[in-house]
Amino acid sequence: MEKVKKIILVAPRGFCAGVDRAVRTVEEALEVFGAPVYVKHRIVHNTTVVRSLEEKGAIIVETLEEVPEGSVVVFSAHGSPPEHYIQAKKRGLRVIDATCPLVTKVHLEVHRYLKRGYEIVYIGHRGHIEGEGVRAEAHPYGKDIFLVDSVSSVEALPSILGKCVYLTQTTLSIPETEGIITALREKIPNIESPPIQDICYATTNRQVAVQKLAQGVDVVLVVGSADSSNSNRLVERARDEGAKAYLVENVEAVQELDLKNVETIGITAGASAPESMVRSITDHLKQGGAQEETLNVIQESMRFADPLELQYMREAKT
Ligand code: SF4
């Protein structure tokens, strides 16, 4: 670390509009209703953010049975299966839905295509909560959505002769997805693409930015948690460019790296990583005399309105 001369912070990095909205929602729900406010699933995949909300009175649960009747519960940014809304209503819970509008868009696409008689193939990571919510939208139709996560899983699909469309998780790597889409088109020649790409603007922008960053540095540090899909994709994209790249969540993780022969470090952050995490790591690196620069790749100005339920509850309180 002693030799690090330059730190380059790339923009955009860190919080996306969906994560910003979800965190704001829990914070405001705590202000409006007081603690505790229940949160179904880790509101965003970042340990630091979740801990800070827990300190303010949020209680993270994985099932709605854990939420006492009549309580306020925030649904996470990743989206929820339709059964959870029904279950919450039956139990008299006051739901504030912080599902990112760009995830909701994919849920709505499921309905639109199933109503028109399509089979759906979903490109996503097995077991990821976002995909589970999207695929559950098919249950009321008595249908299943095929999940593929690799070219070999495409080969294992049955032959689909009728109308078919693919949808994707919002946080995938663009090149990896392109390979799967190519395999899908070979396997199912009539497969259609969604009208607008499902991989979201924040994922795309951060991947383009880290690619550019990786071309001019010795090492890329991606600030984020191990279970953050988009953070892991950023590491992959930096490595695709030939850079050494590491996912780090805190200063301790940086201290464990061998940076002895590194002069220039590039830093980005996943969409669920707060700027405070980035700052603690840059402050640590700058203690050795490194200079900080910024690399602006894309300007972002996206902001989502608060969940409607929060707006109504806020008005009802005033
Ligand atoms: Fe929404 Fe994209 Fe952020 Fe996910 S990464 S919360 S889809 S803006």
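Please refer to the structure placed before this passage.
Residues numbered from 1 in each chain as written. Predicted model: local features only at pLDDT ≥ 70, side-chain atom pairs only at ≥ 80, totals over all residues. Heavy atoms only, no water.

**Quick word on the overall build of the protein**
Step number 1: Each helix and strand counted, the protein has 12 helices and 12 strands in total.
Step number 2: Over its C-alpha atoms, taken along the principal directions, the protein stretches across nearly 60 × 55 × 30 Å.
Step number 3: Taking all contacts inside the protein whose residues are at least 6 apart in sequence as the whole, residues at least 24 apart take part in 78%.
Step number 4: Surface summary for the protein: the accessible area is close to 14,300 Å², and the carbon and sulfur share equals 50%. (Helix = DSSP H or I, 4+ residues; strand = E, 2+ residues; numbered from the N terminus. Contact = heavy atoms within 4.5 Å. Areas by Shrake-Rupley, 256 points an atom, 1.4 Å probe, with all protein chains shown as cover.)

**Let's talk about the site of the ligand**
Step number 1: Lining the immediate environment of the ligand, one finds Cys16, Gly18, Cys100, Leu102, Val103, Thr170, Thr171, Cys200 and Tyr201.
Step number 2: Classifying every residue of the shell around the ligand gives 6 nonpolar, 3 polar and no charged. (Near = heavy atom within 4 Å. Nonpolar A, V, L, I, M, F, W, Y, C, P; charged D, E, K, R; others polar.)

**What to know about the environment of Asn232**
Step number 1: As for its placement among the helices and strands, Asn232 is situated in helix H9 (residues 229-240).
Step number 2: Relative accessible area serves as the criterion here: at 24%, Asn232 is assigned to the partly exposed category.
Step number 3: Residues Asn232 and Gly289, spaced 57 residues apart in sequence, show a C-alpha to C-alpha distance of 29 Å.
Step number 4: Setting aside residues up to four positions removed in sequence, Asn232 forms contacts with Ser225, Ala226 and Leu247.
Step number 5: Within the structure, the side chain of Asn232 is placed 2.9 Å from the backbone oxygen of Ala226, a separation counted as a polar contact.
Step number 6: In terms of polar contacts, Asn232 uses its side chain to reach the backbone carbonyl oxygen of Ser228, at 3.0 Å. (Buried < 20%, exposed > 50% of the residue type's maximum accessible area, 1.4 Å probe, protein only. Polar contact = N/O pair within 3.5 Å; in protein donor to acceptor, adjacent residues only side chain to side chain.)

**Notes on the pattern of salt bridges**
Step number 1: Counted by the stated rule, this structure contains 21 salt bridges.
Step number 2: Of the charged contacts in the structure, one is a salt bridge between Asp240 and Arg237, with a shortest N-O distance of 3.9 Å. On the criterion of helical spacing, the pair formed by Asp240 and Arg237 is a turn pair, its members being 3 residues apart in helix H9.
Step number 3: Measuring nitrogen to oxygen at the nearest pair gives 2.9 Å for the salt bridge that ties Glu292 to Lys286.
Step number 4: A residue is classified by how much of its surface remains accessible, and Lys286, at 32% relative accessible area, is partly exposed.
Step number 5: One salt-bridge network, held together by shared partners, links Asp20, Arg24, Glu28, Arg303, Asp306 and Arg314. (Salt bridge = Lys/Arg side-chain N within 4 Å of Asp/Glu carboxyl O.)

**Observations concerning the nonpolar core**
What tends to happen in soluble globular proteins is that the nonpolar side chains get buried as a cluster.
Step number 1: Val26, Ile43, Val44, Val74 and Ile96 are the most contacted members of the largest nonpolar core, which has 29 residues in total.
Step number 2: For this core, the elements supplying multiple residues, two or more each, are helix H1 (17-33), strand E2 (37-40), helix H2 (47-56), strand E4 (72-75), helix H8 (201-214) and helix H12 (308-317).
Step number 3: For this core, the element with the highest residue contribution is H1, accounting for 7 residues.
Step number 4: Ignoring any residue separated from it by four or fewer positions in sequence, one finds Ile96 in contact with Thr25, Ala29, Phe33, Val72, Val73, Val74, Phe75, Pro307, Glu309, Leu310 and Met313.
Step number 5: Core analysis: the next-biggest nonpolar cluster, separate from the first, contains 20 residues, Leu9, Val254, Met277 and Ala290 among them. (Core = buried A, V, L, I, M, F, W, Y, C linked by side-chain atoms within 4.5 Å.)

**Some remarks on the packing of helix H7 (residues 174-187) against H9**
Step number 1: Closest axis-to-axis distance for the H7/H9 pair is 9 Å, and the angle between their directions is 90 degrees. If you check the angle between H7 and H9, you find them roughly perpendicular. Across the interface between the two elements, Ile174, Pro175 and Glu176 of H7 pack against Arg233, Glu236, Arg237 and Asp240 of H9.
Step number 2: Grouping the constituent residues of the contact of H7 with H9 by class yields 2 nonpolar, no polar and 5 charged. (Axes fitted to C-alpha atoms, helices over the stretch in contact; angles between N-to-C directions. Parallel < 35°, antiparallel > 145°, perpendicular 65-115°, else oblique.)

**Some points on the packing of aromatic side chains**
Step number 1: Applying the stated rule across the entire model yields 2 aromatic pairs.
Step number 2: Geometrically, the ring pair formed by Phe75 and Tyr85 is edge-to-face, given 5.0 Å between the ring centres and 65 degrees between the ring planes. Within this pair, whereas Phe75 is found in strand E4, its partner Tyr85 is found in helix H3 (residues 82-90), the two being separated by 10 residues in sequence.
Step number 3: On the basis of relative accessible area, Phe75 is assigned to the buried category, the value being 0%.
Step number 4: Stacked on the ring of Phe75, the Lys or Arg Lys40 has its end atom at 4.6 Å from the ring centre. (Phe/Tyr/Trp six-rings, centres within 6.5 Å; stacked < 30°, edge-to-face > 60°. Lys NZ or Arg CZ within 6 Å of the ring centre and 35° of its normal.)

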